[in-house]
Amino acid sequence: MAAFPWHPRSRNYTSQFESCRLEAVPVEFGDYHPLKPITVTESKTKKMGRKGSTSSTSSSSSSSMIDPLSSVLDGTDPLSLFAATADPVTTAANTDSTRKKRDKDDSLIVGSDFEPWSSKRGEILARYTTTEKLSINLYMSSEKGKATTPGSAVSEKVRTRLEVLDDLEEGSQKELLNLTQQDYMNRIEDLNQSLKDAWASDQKVKALKIVIQCSKLLSDTTVIQFYPSKFVLITDILDTFGKLVYERILSMCLDNRGSLPDNFTPESVNDTAKETCLNWFFKIASIRELIPRFYVEAAILKCNKFLSKTGISECLPRLTAMIRGIGDPLVAVYARAYLCRVGMEVAPHLKESLNKNFFDFLLTFKQMHGDTVQNQLVVQCVEIPLYLTLYSPAIDWILQCIAYHAPEILLTEMMERCKKLGNNALLLNSVMSAFRAEFIAARSMDFIGMIKECDESGFPKHLLFRSLGLNLAMADPPECDRLQILNEAWKVITKLKNPQDYINCAEVWVEYTCRHFTKREVNTVLADVIKHMTPDRAFEDAYPQLHSIIQKIITYFHDFSVLFSAEKFLPFLDMFQKESVRVEVCKCIMEAFIKHQQDATKDPVILNALLHVCKTMHDSVNALTLEDEKRMLASLINGFIKMVSFGRDFEQQLSFYVEARSMFCNLEPVLVQLVHSANQLAMETRKVMKGNHSRKTAAFVRACVAFCFITIPSLTSIFARLNLYLNSGQVALANQCLSQADAFFKAAVSLVPEVPKMINIDGKMRPSEPFLLEFFCNFFSTLLIVPDHPEQGVLFLVRGLLNVIQDYTWEDNSDDKVRIYTNVLHLLSAMTQETYIYHIDKVDSNDTLYGGDSKFLIEINKLCEAVIAQILDHLKTLGQEETLKRQSQLALYFFNSILAHGDLRNNKLNQLSVNLWNLAQKHGFADTKTMVKTLEYIKRQSKQPEMSHFTELALRLPLQSRT
């Protein structure tokens, strides 16, 4: 193919910039503008009577501007019009009644500020465990228990059900012994599933028998330390049964009007549903034993809504009184807890029954220390402190229900009643767990006095102080008492010998100390923690609590110079010997620093401490570390690096980067950040020292550049290296370090052949050519202003790059090579201009060095001819049927490049552009809209004086139809 000489068009960049500016159009005040705030027009409609039509409408607006949204509705919305036509008297009456009804309902609803039982369930199951063997009675079904056929007589059906119910009393059950805790829980789950299966198969009596059997288990305290967990498991079954019965009766209320509303009354319930409901209560009333009768009736307490408006309020006192017949105080208190739980769900406004349950419990409080209980504990080898903790979940729940939205006078009365009881540590702990934190905090010294009076042999005092500390972490005590409170609490805490008891208590009070005191007090507390947890490496069993202490400290201390100057803070960190825990703690510290440190710092205390923290994170990285974890650690370390600034002490700043490079060499993103930071430092030096380019300044900039040149080769990501070489070369060029800039650019050129075909991007393999194309485009923009080296020849970098592009193995189905060549053509065209479009201050580019010398232009034209030949050769290879679409797209792409950068007054170049236009349309793959818009652009450009030759060109560019 004959060579096509390249004739670039001359560009007057200044005039072109001016021609591209948007025309300024004056806008008069008050005219519509899309950025002006919209003024909403308010329409007021007045009614003259109850039944009349709207008699007058008045509109007011703050300005004359018409809102396009409001104008559609003529200033009013349809809901406002509808409301305006309504009867105001009727509307007001309805509104008042609705509001009263809503207010009444709101008083019955338990809000989100009430901690539900479900949130306590998991904690109880995890805390109250046993290694003792357990037993359980399983219901053995018989033929009598099966559902009768539809044809059975009603009397036979009733008689059979009564026999089955009696069967349970006579012992149709099997006892399983020597069960582990997990086996026991599995059996309970089996019973729960059996209940659901029996109900689904319409075996209602069998379902009732299962519930009765499970309820009986709550009278068994042979493995007493497991009782709270057993209560949780059994009441899950009771809840399921109660829900099934309620939904069954509710489904019987369906009629033509649909389902009942949530606030239905007994009058809207049909007789069939009421009869079924009564039948369930009669069945339950026939249960002989007290405990199952109580629990099963409590489970379906909500069903009283179908029978009577006052049914629930009448049943609650009766059920409360029934509990008095339960002799075991532990069984009784959990029965009260279940009744309070059900009561809060179905009638939270009936507070009297809640209070009655608690006061009844106080009357029987001494039973816990009676001979019967003591003998039982001796048999089971259970100590009294452990036994008392078994009461906590039940008493805590009862008190939480009572304290919810309770007046302060009631809480004070309950506290006074607890004071009067001897050995009241258990009650005191539950009061502090259940009552509002503000109530407890305001009376902190009173509670400390009561704690001191408690008997240490019963409920442990450190648990009482822990409960008090939890409240003081949420609410503030009187300021005058704060130091005394801390002293009184820590006197007890520091005397604890058991490390686990100590740390559980100290963890809570650290937050109180951080909340109200200074570094001095926090340092004292940390010293005490180190003293207690270091012997026998006790800290190894307390990592969660120690981690929590760190989190509390960094939550309240945001001045890290104060924090790290605390003498015991870093020794405290040394207790985290387990690497995974130590790294998590370091991550928390770094996250807090990045979040709260507002200004850059050079404080040596902060720098030394955080370098140690970051080094710990960095050293945890190994071959098994996940990429996400590496990214997170690198992000935290980079956040720290960005916050370090030595001001105008640039040498100290660079020294810090050198130290950081040696410490964090295994995290590539950190090295990338250090290179960016060094480049930024070099530019900052140039900016600050502008007009004072001393030898020292130039030497320092070269030192920054050398830092980058040394660091970049250690990176594994090839595109990170390419882009950093380019970026660092640009910085060197901006600082007049020409030889260093050449070194960076040469390194980038020599690295291109190493680019693999596929690269890993976020864990997925992607083709590398799009990224390579992007890199070349950026590189070409820089090469325009890079002056030629006096010893390397004309355009030595461009020639070297073209050789690399030519030798690179491109994908067979890719056209990126041609697109790169086309961009080279853009670069070479820009290089022929008398004055380049942009320059670097105090750097003479080739337009100045060569001054438009003819030999320089001849060299450029030779390169252009070679590039054009490569492009045309590639277009010829796309002549096969399967590549015609690519040929069309590339032909139009090259045509547009010639249009933008070539001088089309040259006949050969003009003919080449016409040929490319026709080739783009030849096989029908050209986009018609694009071709039309391109031709319209050419016609518009032809109206400019210097582009008049476009008129003839437009006549030679036909538009081919696809038909």
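Shown above is the structure to which this text applies.
Read on for a plain summary of the structure. What you are looking at is a predicted structure, and each value in this text was computed from that prediction instead of being measured.

1. Details of the overall build of the protein chain
So, point 1. Of the regular secondary structure elements, the protein chain holds 45 helices and six strands.
So, point 2. Looking at the protein chain residue by residue over its 963 residues, the buried ones come to 49%.
So, point 3. Sequence-distant contacts in the protein chain: of pairs separated by 6 or more residues, those separated by 24 or more amount to 73%.
So, point 4. For the protein chain, the computed accessible surface area is about 49000 Å², with 52% contributed by carbon and sulfur atoms.

2. Re the nonpolar core
So, point 1. Membership of the largest hydrophobic core comes to 313 residues, with the highest contact counts inside it found for F358, Y387, W509 and L546.
So, point 2. Broken down by element, this core gets its largest block of residues, 13 residues, from helix α13 (residues 329-346).
So, point 3. Apart from the residues lying within four places of it in its own chain, the contact partners of F358 are I398, L399, I402, M414, C418 and L427.

3. A look at the packing of helix α5 (residues 117-127) against helix α9 (residues 227-251)
So, point 1. Close contact between α5 and α9 brings their axes to 9 Å; oriented N to C, the two are set at 135 degrees. Overall, the two elements α5 and α9 adopt an arrangement that is oblique. The interaxial crossing formed by α5 with α9 has left-handed handedness. Judged by residue contacts, W117, R121, I124 and L125 of α5 engage P228, S229, F231, V232, L233 and D236 from α9.
So, point 2. Split by residue class, the contact of α5 with α9 holds seven nonpolar, one polar and two charged.

4. Brief notes about helix α15 (residues 371-380)
So, point 1. By the burial criterion, the buried members of α15 are V373, Q376, L377 and Q380. In an axial view of α15, the angular spread of the buried residues amounts to 100 degrees, which keeps them on one side of the axis. Facing away from the buried side of α15 by more than 90 degrees, the exposed set consists of D371, N375, V378 and V379.
So, point 2. Summarising the contacts, the buried residues of α15 are in contact with α13 and α16 (384-389).

5. Topic: the pairing of strand β6 (residues 764-767)
So, point 1. Relative to β6, strand β5 (residues 758-761) is paired through four bridges, and the arrangement is antiparallel. Its bridge partner being in β6, I761 is matched across the sheet by K764.
So, point 2. Connecting the antiparallel pair β5 and β6 is a turn made up of two residues, with D762 showing a positive phi of about 55 degrees.

6. Looking at the state of the cysteines
So, point 1. The full count for this structure, using the stated rule, is zero disulfides.
So, point 2. You can see C277 has no disulfide; the closest cysteine sulfur is in C303, sitting 5.0 Å from it.
So, point 3. When its relative accessible area of 0% is taken as the criterion, C277 is described as buried.

7. Re the environment of P385
So, point 1. Looking at where P385 falls in the secondary structure, it is placed in helix α16.
So, point 2. In this structure the C-alpha to C-alpha distance between P385 and P460, which are 75 residues apart in sequence, comes to 6.9 Å.

8. Comments concerning the environment of V818
So, point 1. When you line up the elements, V818 lands in helix α39 (residues 816-831).
So, point 2. Separated by 75 residues in sequence, V818 and Y893 place their C-alpha atoms 9.8 Å apart.
So, point 3. Setting aside its immediate chain neighbours within four residues, V818 contacts I871, H874 and L890.

9. Concerning the packing of α9 against helix α11 (residues 290-299)
So, point 1. In the contact formed by α9 and α11, the axes pass within 8 Å of each other and the chain directions differ by 50 degrees. As summarised for this structure, α9 and α11 are arranged oblique, according to the angle between their axes. Viewed along their axes, α9 and α11 form a crossing whose handedness is right-handed. For the pair α9 and α11, the contacting residues are F231, L238, F241 and G242 in the first and Y295, V296 and A299 in the second.
So, point 2. Among the residues making up the contact of α9 with α11, the classes are represented as six nonpolar, one polar and no charged.

10. A look at a nonpolar patch on the surface
So, point 1. Taken together, F17, I837 and Y838 make up a surface patch of nonpolar side chains, about 280 Å² in accessible area.
So, point 2. By the secondary structure assignment, F17 is in helix α1 (residues 13-20).

11. Thoughts on the side chain of S845
So, point 1. Within the element layout of this structure, S845 appears in the loop between α39 and α40 (846-850).
So, point 2. Filtering out sequence-adjacent residues up to four positions away, S845 remains in contact with I785, P787, Y836 and H839.

12. A closer look at the packing of aromatic side chains
Each aromatic ring pair is specified by the distance between its two centres and by the angle formed by the two planes.
So, point 1. Considering all chains together, one arrives at 45 aromatic pairs under this definition.
So, point 2. For the ring pair Y184 and F226, a centre distance of 5.6 Å and an interplane angle of 90 degrees mean the geometry is edge-to-face. With Y184 in helix α7 (residues 181-200) and F226 in the loop between α8 (204-216) and α9, the pair connects residues that are 42 residues apart, well separated along the chain.
So, point 3. When its relative accessible area of 1% is taken as the criterion, Y184 is described as buried.
So, point 4. Geometrically, the ring pair formed by Y387 and Y391 is edge-to-face, given 5.2 Å between the ring centres and 85 degrees between the ring planes. Comparing Y387 with Y391, the two get one shared label, buried.

Criteria and cut-off values
- Residues numbered from 1 in each chain as written.
- Predicted model: local features only at pLDDT ≥ 70, side-chain atom pairs only at ≥ 80, totals over all residues.
- Heavy atoms only, no water.
- Helix = DSSP H or I, 4+ residues; strand = E, 2+ residues; numbered from the N terminus.
- Buried < 20%, exposed > 50% of the residue type's maximum accessible area, 1.4 Å probe, protein only.
- Contact = heavy atoms within 4.5 Å.
- Areas by Shrake-Rupley, 256 points an atom, 1.4 Å probe, with all protein chains shown as cover.
- Core = buried A, V, L, I, M, F, W, Y, C linked by side-chain atoms within 4.5 Å.
- Axes fitted to C-alpha atoms, helices over the stretch in contact; angles between N-to-C directions.
- Parallel < 35°, antiparallel > 145°, perpendicular 65-115°, else oblique.
- Left-handed = near helix turned anticlockwise from the far one by under 90°.
- Nonpolar A, V, L, I, M, F, W, Y, C, P; charged D, E, K, R; others polar.
- Arc of directions from axis to C-beta.
- Pairing = 2+ DSSP bridges.
- Disulfide = S-S within 2.5 Å.
- Patch = residues over 30% accessible without salt bridge, like charges linked within 9 Å, V, L, I, M, F, W, Y side chains within 5 Å.
- Salt bridge = Lys/Arg side-chain N within 4 Å of Asp/Glu carboxyl O.
- Phe/Tyr/Trp six-rings, centres within 6.5 Å; stacked < 30°, edge-to-face > 60°.

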